[in-house]
Amino acid sequence: MSESQKVADRSDAAPPAANSVDRFFRISERGSTFGREIRGGFATFFTMAYILVLNPIILGSAKDKFGHQLDAVQLTTATALVAAVMTIVMGVGGNLPLALAAGLGLNAVVAFQIAPLMSWDDAMGLIVLEGLLICVLVVTGLREAVMHAIPQPLKQAISVGIGLFIAFIGFVDAGFVSRIPDAANTTVPVQLGGTGTLAGWPMLVFCLGVLLTIGLLARKVKGAILISIVTMTALAVVIDSLADIKSWGLTTPAWPDKLVDAPDFGLLGDFDLFGAFSAPGVGVITVVLLIFTLILSDFFDTMGTVVGISAEAGLLDDEGKVPNLGRVLLIDGAAAVAGGAASASSATSYIESAAGVGEGARTGFSNLVTGGLFGLALFLTPLLTIVPLQAAAPALIAVGFLMMTQVKHIDWDRYDIAIPAFLTIAVMPFTYSITNGIGAGFLAYVVIKTVLGKAKEVHWLLWGTSALFLVYFAIDPIEQLLGAK
């Protein structure tokens, strides 16, 4: 969506607030409507509902140092509960259309890097500790100060990079793009489909979904993304009932045998805050480095997501600042604490919220819808998780395009801005990490400004942050040097 369109949306909000809910969430003021917010809430939920399946698979497939595994049903309950509560809290407290749930990437670190070194209780205690430390950074103002110190063109590059990243996620999740097995002995890392060609009914659903979504967007149909998700899910259910399909991936669009399933809250509270420091065979240095890695990843993933979503929603002010930023960051830190306390891994802001923004959401009211659906998922998981990735992923492709449009605001003739912006944009999808892209852009910005004799133009917080990123990228040799590996 162009800046002129966003401004137009806000200017159309001249009528006064219809009621107290409208005034509280500033729905009319931001040029939105209850209809847009509700559609946006549904779209966000359906594009991130996969976490209800994926998080239990990732955490449940790993064993801790003592060979223990977490129960899949309990993990599903914990995942849905944390997502529901923290998404609603973000909506009410932060008033941004920004949903939260267990963070992908972070849960893999917990499952395959931390848990094998200690018990599950100790590993989740580290997540709680990480969240508490992030909250301290917010309270001291450091986290917000870092975000304000970032030059506006780099913020725009972060949004563009995230757009490409989530589009790539959509292509990969749908199977349109897949990794070539290492056994192929090829230097080409990815390919079209699973074998170099597009095949199968699930792929047809995805391709038709993309065409339907972009067609509806081009015609400016209200509810385009949500219409596409619902339509393609219905088609997928029909196809699955008629055709012999080996696999749809994580979610099969089959009508469930039962609509209601009881939640199991058995994992809530199973954490030991400082247990990792006394875990046998680990060492304090290793624990400190693990916490550092978690904080840095969570810190900058959230930063990129908050800036990207706010920019796409047209909510940044003239200085590129996010509204209610302090509260938003504090709630995000609290979400990490909640995730660890519930054994669902660290919860964080979801870039898939961009699907809701693309559907018109501009306020935290949409979070009440998304959070409510996650709450329903505690009891209606069989029904609410029949949306296959092939039906939801087209939304990510469409939103990737919408976020990509911000690239026009970057001055590509200024190399001191253009090169860091390019690296930020390129590294995110190529390394499958928002944090890596931000780090590459920061480091390039500091180096180029220094080489050009303009080091004084770099905010001191960017110097400090870039130094941390240098440690982050060089963590392996540092661990070896300190004897932690």
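Residues numbered from 1 in each chain as written. Predicted model: local features only at pLDDT ≥ 70, side-chain atom pairs only at ≥ 80, totals over all residues. Heavy atoms only, no water.

- As named in an unreviewed UniProt entry, the protein is NCS2 family permease, taken from Streptomyces indiaensis.
- The UniProt entry for the protein carries the following comment under Sequence similarities (unreviewed entry): "Belongs to the nucleobase:cation symporter-2 (NCS2) (TC 2.A.40) family. Azg-like subfamily."
- According to UniProt, the comment filed for the protein under the heading Subcellular location (unreviewed entry) is "Endomembrane system". (UniProt positions renumbered as here; feature names shortened; annotations may be inferred.)

Considering the overall build of the protein
Inference 1: Of the regular secondary structure elements, the protein holds 20 helices and four strands.
Inference 2: Over its C-alpha trace the protein gives a radius of gyration of 22 Å, about what one expects of a compact globule, namely 23 Å for 485 residues.
Inference 3: Principal-axis analysis of the C-alpha atoms gives the protein an extent of 60 × 55 × 55 Å.
Inference 4: Buried residues in the protein amount to 56% of all 485 residues.
Inference 5: Excluding contacts between residues fewer than 6 apart, the proportion of contacts in the protein whose partners are at least 24 apart in sequence is 79%.
Inference 6: For the protein, the computed accessible surface area is about 19700 Å², with 66% contributed by carbon and sulfur atoms. (Helix = DSSP H or I, 4+ residues; strand = E, 2+ residues; numbered from the N terminus. Rg over C-alpha atoms; globule rule 2.2 N^0.38 Å. Buried < 20%, exposed > 50% of the residue type's maximum accessible area, 1.4 Å probe, protein only. Contact = heavy atoms within 4.5 Å. Areas by Shrake-Rupley, 256 points an atom, 1.4 Å probe, with all protein chains shown as cover.)

Comments concerning the environment of G93
Inference 1: Mapping G93 onto the fold places it in helix α5 (residues 72-94).
Inference 2: Sequence separation of G93 and T286 is 193 residues, and the distance between their C-alpha atoms is 36 Å.

Details of the side chain of S310
Inference 1: Here S310 shows up in helix α12 (residues 284-312).
Inference 2: Exposure remark for S310: the relative accessible area of 1% places this residue in the buried category.

Some thoughts on α5
Inference 1: End to end, α5 covers 31 Å across 23 residues, agreeing with the expected 33 Å (1.5 Å per residue, within 8%).
Inference 2: N-capping of α5 is provided by D71, with a side-chain oxygen placed 3.1 Å from the backbone N of V73. (Expected span 1.5 Å × (residues − 1). Polar contact = N/O pair within 3.5 Å; in protein donor to acceptor, adjacent residues only side chain to side chain.)

Describing the packing of helix α3 (residues 34-48) against helix α11 (residues 224-242)
Inference 1: Where α3 contacts α11, the two axes come as close as 9 Å, and the packing angle between them is 45 degrees. Relative to α11, α3 is oriented oblique. Remark: the crossing between α3 and α11 carries left-handed chirality. On α11, the residues that touch R39, F42, A43, F46 and T47 of α3 are I225, L226 and I229.
Inference 2: When its residues are assigned to classes, the contact of α3 with α11 shows six nonpolar, one polar and one charged. (Axes fitted to C-alpha atoms, helices over the stretch in contact; angles between N-to-C directions. Parallel < 35°, antiparallel > 145°, perpendicular 65-115°, else oblique. Left-handed = near helix turned anticlockwise from the far one by under 90°. Nonpolar A, V, L, I, M, F, W, Y, C, P; charged D, E, K, R; others polar.)

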